[in-house]
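Secondary and tertiary structure notes
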Amino acid sequence: MPTDVIMPQMGESIVEGTITKWLKKPGEKVQRDEPLFEISTDKVDAEIPSPAAGVLQEIKAAEGSTVQVNTVVGTIAADGEAAPKAAAAPAKAAPPEPKKEAAPAAAAPSSPVHQAPAQEAPTHESEDEHARSSPLVRKMAREHNVNLSQVSGTGLGGRITKQDILDFIEKSQRPAAPAPAAAAAASTSSVPSASTPAPRPVPAVIPGDLVPLTHMRKIIAQRMIESRRTSAHVHCMYEVDFTRIVQLRNRNKAGFEQRHGARLTFMPFFVRAAIIALQQWPIINASLEGEAVRYHRHVNVGIAVALDWGLIVPVLKNADELNFLGLQRGITDLGERARTKKLKPEEVEGSTFTVTNPGQFGAVFGLPIINQPNAAILGVGGISKMPLVVTDKEGADSIAIRSVVHLTLGYDHRLIDGAVADQFMALLKKTLEGWNEEVG
C-alpha cells in the first residue's frame, strides 16, 4: 500500500501550512527522512522529510496551496508498486489570509518553552572530580571512552551538560581536519555575527512585474505593523570603544576554533554583556500583559537572522545559564539551522529580549522595531576604526585610532523610562569596554 504524506502540525497553535516547494517530482525515488517538500507557517519555514523510502507516486497539493494540518498532500509507493500519477492541479483558490494572532511567544511568556538540557543531580563520586557533570554524563563518557577533562562545559560554572558530551562524541567521530593556518589580524570592520554573510543574491525579477508577497513576507509585514501599533517606540544610541574585544578575539580565535570546533565571533560578547545588564535592570527583560508587568525568570535571547527569503528570530533559551562557550555554540547552531530550514516552532517562540545586527552589511547603526511581546531590542552596528579622545590614568587626553561600534536600544516607553534605558546601556557599554571574562 502507498504511504500517505501528511501535512505535519508544526506546533500546537499552528493549524495550517503553505506548501512552498516540492523537492521531488512524481516518479522520482526518495529515501526515508530525505527532505521531500518545504512548507511555510506563521512560525517557521521548514523542510519536511519523507515518511518512507520509495517513489513519489502522487502530489495531491500543488505548490502555493495552503492546507490544514494532517491533510494528505501526496503518496509514496514502494519501488515498482505503481506508476506515478500526475501532479495535482487544484483550482487556484486564493489562500486564506494569515490569521491575526499575537506576536510569537505571546502565550505564557513567563515560562520558557524549551528548558536547558536535562541535568541530573551531581554525586560525590571521585570519578572525574575536576569536571562538573551529572551521573548521566559520566555514564555516557564511560560508554564512549571519553575523558571528561577534554570536554568544555557550557553550563553554569563550566558544568558539562548532556549536549556537551554529545557534541564532543560527534566531533571526535569526524575525520580529522587539517590544523588552521595562523590567523591574520582581523579587519576592524569585521562583522559581529555568527558567520560572515555572503552577499545576498539579487532577486530575479522583471521590471514592471507584479509579484505576490510570499507567505513569510506577509507574516513579517503583519508583525511589524502590529508592533508599531502596540509599543511606544523610543530609541537611544551609544558609542562603544570595542578595541579591547577586537584585540581579544584576534588573539584567541585560532585557538578557540582548535579547542572547540567553533568559530569565535563577536555576537556572544554583545549577548553576554546584554544578559549582565538585563539582570541589573529586569524591567527591560519584562513584558506588558494587559495592565500588569510580567518579569521573566530567565533571559531568552532572540537572535535575528537575515535569510535570502526573509527574516526569522530563533530564540536561545535560558541564555543566562550559559557560559561564553555555550552562548557561541547556541548562536551558531540557531543561525545555521535557520538558514537550512531546520528550526522547530518552539525555537522561534518565548523570547524575552532580542538582538539584531544591522551592522553585518556595513550599517553604522539601525533603529529596530521591537519584537513583540518583548519590551526592548538591541541593534548592533558595524565595527569601524575611528579617532577617539582617550584619557589615561593621569587624566591626560590624547587622540587614538580605536575600533568603535554603535549600539541602539529600541524600547517600549509604556514600560521603560528613558533614564532606565540609558542606565542599561551605560552598563552594557561599561561591560564591553572593560571586558574581563575568559572566552574559553
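Remember, predicted model here, so these are calculated numbers, not experimental data. (Residues numbered from 1 in each chain as written. Predicted model: local features only at pLDDT ≥ 70, side-chain atom pairs only at ≥ 80, totals over all residues. Heavy atoms only, no water.)

Here we take up the pairing of strand β11 (residues 292–295). The pairing of strand β10 (residues 286–289) with β11 spans 4 bridges and is classified as antiparallel. Considered in β11, the bridge of Glu-289 is made with Ala-292. (Pairing = 2+ DSSP bridges. Helix = DSSP H or I, 4+ residues; strand = E, 2+ residues; numbered from the N terminus.)

Our focus in this paragraph is a nonpolar patch on the surface. Together, Met-237, Val-364, Phe-365 and Leu-367 make up an exposed nonpolar region whose accessible area comes to about 380 Å². With respect to the helices, strands and loops of the structure, Met-237 is situated in strand β9 (residues 233–241). (Patch = residues over 30% accessible without salt bridge, like charges linked within 9 Å, V, L, I, M, F, W, Y side chains within 5 Å. Areas by Shrake-Rupley, 256 points an atom, 1.4 Å probe, with all protein chains shown as cover. Salt bridge = Lys/Arg side-chain N within 4 Å of Asp/Glu carboxyl O.)

Core analysis: the biggest nonpolar cluster contains 81 residues, and Phe-269, Phe-353, Leu-407, Ile-416 and Leu-432 have the highest contact counts within it. A total of 9 residues in this core trace back to one element, the largest contributor, which is helix α5 (residues 267–280). Residue contacts for Phe-269: discarding those within four places in its chain leaves Ile-245, Leu-248, Leu-264, Phe-324, Leu-432, Trp-435 and Val-439. If you look at the next biggest cluster of nonpolar residues, it comprises 9 residues, including Val-137, Val-151, Ile-165 and Ile-169. (Core = buried A, V, L, I, M, F, W, Y, C linked by side-chain atoms within 4.5 Å. Buried < 20%, exposed > 50% of the residue type's maximum accessible area, 1.4 Å probe, protein only. Contact = heavy atoms within 4.5 Å.)

Following the sequence through the fold, Pro-51 ends up in the loop between β5 (45–49) and β6 (54–59). Since its relative accessible area comes to 31%, Pro-51 is described here as partly exposed. Along the backbone, Pro-51 and Thr-75 are 24 residues apart, and their C-alpha atoms lie at a distance of 9.8 Å. Leave out the neighbours within four places in its chain, and Pro-51 touches Thr-3, Asp-4, Val-5, Arg-32 and Ile-76.

Attention now goes to helix α3 (residues 215–230). Over its 16 residues, α3 extends 23 Å from the first C-alpha to the last, a length consistent with the 22 Å expected when each residue adds 1.5 Å. Buried residues of α3: His-215, Met-216, Ile-219, Ile-220, Gln-222, Arg-223, Glu-226 and Ser-227, and no others. Buried residues of α3, viewed axially, fall in a sector of 165°; they line one side. (Expected span 1.5 Å × (residues − 1). Arc of directions from axis to C-beta.)

The next subject is unusual backbone geometry. Residue Pro-373 follows Gln-372 across a cis peptide bond; omega there is 5°. You can see Pro-373 is positioned in the loop between β16 (353–356) and β17 (376–391). Although it is not a glycine, Asp-33 sits at a positive phi angle of roughly 70°. As for its position among the elements, Asp-33 is in the loop between β3 (29–30) and β4 (35–40). Its relative accessible area of 52% is what places Asp-33 among the exposed residues.

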